[in-house]
Amino acid sequence: MFGLESIRLIDLPKFPDPRGNLSFIEQENHIPFKIKRTYWIYDVPGGEVRGGHAFKEQQELIVALSGSFDVTVDDGKAMQTFSLNRSYYGLYLPAGLWRQMQNFSTNSLALVLSSTAYQNEDYIHDYNEFLRFRRHGEK
Ligand code: TYD
């Protein structure tokens, strides 16, 4: 079971250019997993909260492609909030952490690269179940 110490902000390659900057991500190179799925969250009304669950298996990289938002991560013992507001770094989250996204700015765009296909069974929506999952996994 991974704790908060295993979360990393990953600096992505950046090619600054007067014509506009360019960044990119290669699986198993800049991030430690193969990308099975990509999704993005956009048009978030002010004050809305996304996430609020844990994944048993999914590892992910979250990038603020545009605008800004916060990601609060909880390992069952402690919580930490990361503010994402640049498209040249991402937040790497291993599996088994509770996470929530909030404080989305107007026109923000959150890109999520996932190590798994979408599986409803991978979600833990109940916080107490999450705590049991953490305890069980740490035995
Ligand atoms: P969900 O992951 O619950 O959103 P959030 O964590 O941001 O609150 O997903 C919302 C809905 O979208 C849910 O009904 C399932 C669906 N969905 C897919 O079908 N495929 C996907 O890859 C994702 C991420 C969600």
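Residues numbered from 1 in each chain as written. Predicted model: local features only at pLDDT ≥ 70, side-chain atom pairs only at ≥ 80, totals over all residues. Heavy atoms only, no water.

1. Section: the nonpolar core
Of all hydrophobic cores here, the largest spans 22 residues; its most connected members are I7, I62, F69, V71, V73, L84 and M101. Going through the elements one at a time, β4 (37–42), β6 (60–66), β7 (69–74), β8 (79–84), β9 (89–93) and β11 (109–114) are the ones with two or more residues in this core. Counting 9 residues, the second-largest nonpolar core is a separate cluster that includes I31, L61, Y92 and L113. (Core = buried A, V, L, I, M, F, W, Y, C linked by side-chain atoms within 4.5 Å. Buried < 20%, exposed > 50% of the residue type's maximum accessible area, 1.4 Å probe, protein only. Helix = DSSP H or I, 4+ residues; strand = E, 2+ residues; numbered from the N terminus.)

2. Considerations on the packing of aromatic side chains
Summed over all chains, the structure comprises 9 aromatic pairs. Pairwise contacts between aromatic rings join F55, Y118 and Y123 into one cluster. (Phe/Tyr/Trp six-rings, centres within 6.5 Å; stacked < 30°, edge-to-face > 60°.)

3. What about the sheet that holds β8?
Strands sit in the order β8-β7-β10-β5-β12 across an open sheet of 5 strands; the sheet is antiparallel. With partners counted over all chains shown, the strands left at the sheet margins are β8 and β12 (123–124), one partner each. By the bridge criterion, 5 bridges tie β7 to strand β10 (residues 98–102) in an arrangement that is antiparallel. In the sheet register, D70 faces β10, and the bridge partner there is Q102. (Pairing = 2+ DSSP bridges.)

4. Some details on the site of the ligand
As a structural note, the neighbourhood of the ligand is formed by R37, Y39, I41, R50, G51, H53, Y118 and Y123. Here an oxygen atom of the ligand sits 2.5 Å away from a polar atom, N or O, in the side chain of H53. The separation between an oxygen atom of the ligand and a polar side-chain atom of Y123 is 2.5 Å. Here the ligand loses 58% of its free accessible area of 530 Å² to cover by the protein chains. (Near = heavy atom within 4 Å. Polar contact = N/O pair within 3.5 Å; in protein donor to acceptor, adjacent residues only side chain to side chain. Areas by Shrake-Rupley, 256 points an atom, 1.4 Å probe, with all protein chains shown as cover.)

5. A word on the pattern of salt bridges
Side chains that differ in charge, positive against negative, can pair when their charged atoms come close. Scanning the model with the defined rule gives 2 salt bridges in all. D17 is paired through a salt bridge with R19; the nearest N and O atoms lie 2.8 Å apart. The class of R19 is exposed, set by a relative accessible area of 76%. The closest approach of N and O atoms between E60 and R99, which form a salt bridge, is 2.8 Å. With E60 in strand β6 and R99 in strand β10, this residue pair connects regions lying 39 residues apart in the sequence. The same class applies to E60 as to R99, namely buried. (Salt bridge = Lys/Arg side-chain N within 4 Å of Asp/Glu carboxyl O.)

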